[in-house]
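# Topology and contacts: notes
Below are the chains, spelled out letter by letter.
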Amino acid sequence: MLTGKDIRAARKARGLNQTELGKLVGCGRHTVSYWENKTRLSRRCACADICEALGLAKRLLADWSWFRDHQQEAIDRRVEAELQRAREAEERRKATRRVPCGAKTRKGHPCRALSEPGKRRCRFHGGKSTGPRTEAGRKQIAEAQRRRWAAYRGQNNRD
Ligand SMILES: [Zn+2]
């Protein structure tokens, strides 16, 4: 990457002092000195003019695109990290969220208890359940669901 040291070296190689280079470019010797002491040059006019006068303009532009590309990568990485954090926070919220259970109770109204964290039902209505484990249990659940859907469809067809 082009630095102020490159400007100084190029100036000395041409046998110019800072004042002479400044006159050539149309700036003061302090401006020349300023850029010669920088570790990162910019495309701002005085610096670009100095580089132009010393034949360093191409390298300045090349450095600029290198710098810009790496800036972009850094921004992309930050955005990606931010998104990842948001996704993880949402996962955590989901895992601990408690909602009203709402299962139909024997009295016929919806259950008002809070669900188990991250589940939809309270501990009395299956919130602790991890599902049927045996083949017979799975068949029983499947059969119950079929009956439930059949009843649901029958109800809807009547309307
Ligand atoms: Zn419940």
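Description of the structure in this document. Numbering of residues starts from 1 in every chain and runs along the sequence as written. With the structure being a predicted model, the display of local features is reserved for residues of pLDDT at least 70 and the display and counting of side-chain atom pairs for 80 or more, all residues being used for whole-chain, interface and lining totals. Remark: hydrogens and water are excluded; side-chain values derive from all non-hydrogen atoms of the structure.

Time to look at the coordination of the zinc ion. Taken together, the protein donors to the zinc ion comprise Cys101 (SG), Cys111 (SG), Cys122 (SG) and His125 (ND1), at separations of 1.9 to 2.4 Å. Each metal site is built from N, O and S donor atoms within 2.8 Å (3.2 Å for Na, K and Ca), and since water is not included, such sites may look incomplete. In short, tetrahedral needs four donors with all angles between 85 and 135 degrees, square planar needs four and octahedral six donors with opposite donors over 155 degrees apart and all other angles between 65 and 115, and whatever is left is irregular. Considering all 4 donor atoms around the zinc ion, the spread of angles at the metal, 104 to 116 degrees, places the coordination shape in the tetrahedral class. All donors of the zinc ion belong to a single chain; written as a sequence motif, their spacing is C-x9-C-x10-C-x2-H. Taken together, the residues Cys111 in the loop between helix 5 (57-96) and helix 6 (135-158) and Cys122 in the loop between helix 5 and helix 6 connect sequence positions 11 residues apart. Residue Cys111 shares its accessibility class with Cys122, and that shared class is buried. The helix count covers DSSP runs of H or I at least four residues long, the strand count covers runs of E at least two residues long, and both are numbered beginning at the N terminus. Think of it in three bands: with a 1.4 Å probe and only protein chains considered, a residue is buried below 20% of the maximum accessible area for its type, exposed above 50%, and partly exposed in between.

So, about the packing of aromatic side chains. For any two aromatic rings, the description comes down to two numbers: the centre-to-centre distance and the angle of the planes. Classification of ring pairs uses Phe, Tyr and Trp, with its six-membered ring standing for Trp, and accepts pairs whose centres are within 6.5 Å; under 30 degrees between planes counts as stacked, over 60 as edge-to-face, and the remaining range as tilted. Under the definition given, this model contains 2 aromatic pairs. Ring centres 4.9 Å apart and planes at 85 degrees place the aromatic pair Tyr34 and Trp35 in the edge-to-face group. Judged by centre distance (5.5 Å) and plane angle (85 degrees), the ring pair of Trp149 and Tyr152 falls under edge-to-face. You can see Trp149 and its partner Tyr152 sitting in helix 6, 3 residues apart, about one turn around the helix. Judged by its relative accessible area of 47%, Trp149 is partly exposed.

What follows is about the pattern of salt bridges. In what follows, salt bridge is the name for a side-chain nitrogen of Lys or Arg lying within 4 Å of a carboxyl oxygen of Asp or Glu. Within this structure, the stated rule accounts for 10 salt bridges. Between Arg85 and Glu82 there is a salt bridge, with the nearest N and O atoms lying 3.0 Å from each other. Note that Arg85 and Glu82 are positioned in helix 5 at a spacing of 3 residues, about one turn of the helix. Overlapping salt bridges bring together Arg8, Arg11 and Glu36 as one network.

For the rest of this paragraph, the subject is the nonpolar core. By size, the foremost hydrophobic cluster in this structure holds 16 residues, and its most contacted members are Ile7, Leu21, Leu41, Ile50, Cys51, Leu54 and Leu56. Elements represented by at least two residues in this core include exactly helix 1 (4-13), helix 2 (18-25), helix 3 (29-36) and helix 4 (45-53). Counting residues per element, this core draws most heavily on helix 4, at 3 residues. Residue contacts are counted whenever heavy atoms from the two residues lie within 4.5 Å of one another. When residues no more than four places from it in sequence are discounted, the contact partners of Leu56 are Leu2, Asp6, Ile7, Ala10 and Cys51. Within this scheme, the nonpolar core is defined by two criteria: the residues are buried Ala, Val, Leu, Ile, Met, Phe, Trp, Tyr or Cys, and they are joined through side-chain atoms within 4.5 Å.

Moving on, we get to the environment of Gln84. When you line up the elements, Gln84 lands in helix 5. Polar side-chain contacts of Gln84 include one of 2.9 Å to the side chain of Arg87. Under this definition, polar contacts are N or O atom pairs within 3.5 Å; protein pairs additionally need one hydrogen-donor-capable and one acceptor-capable atom, and for neighbouring residues in sequence, both atoms have to be side-chain atoms.

Any link to function would need more than the numbers given here.
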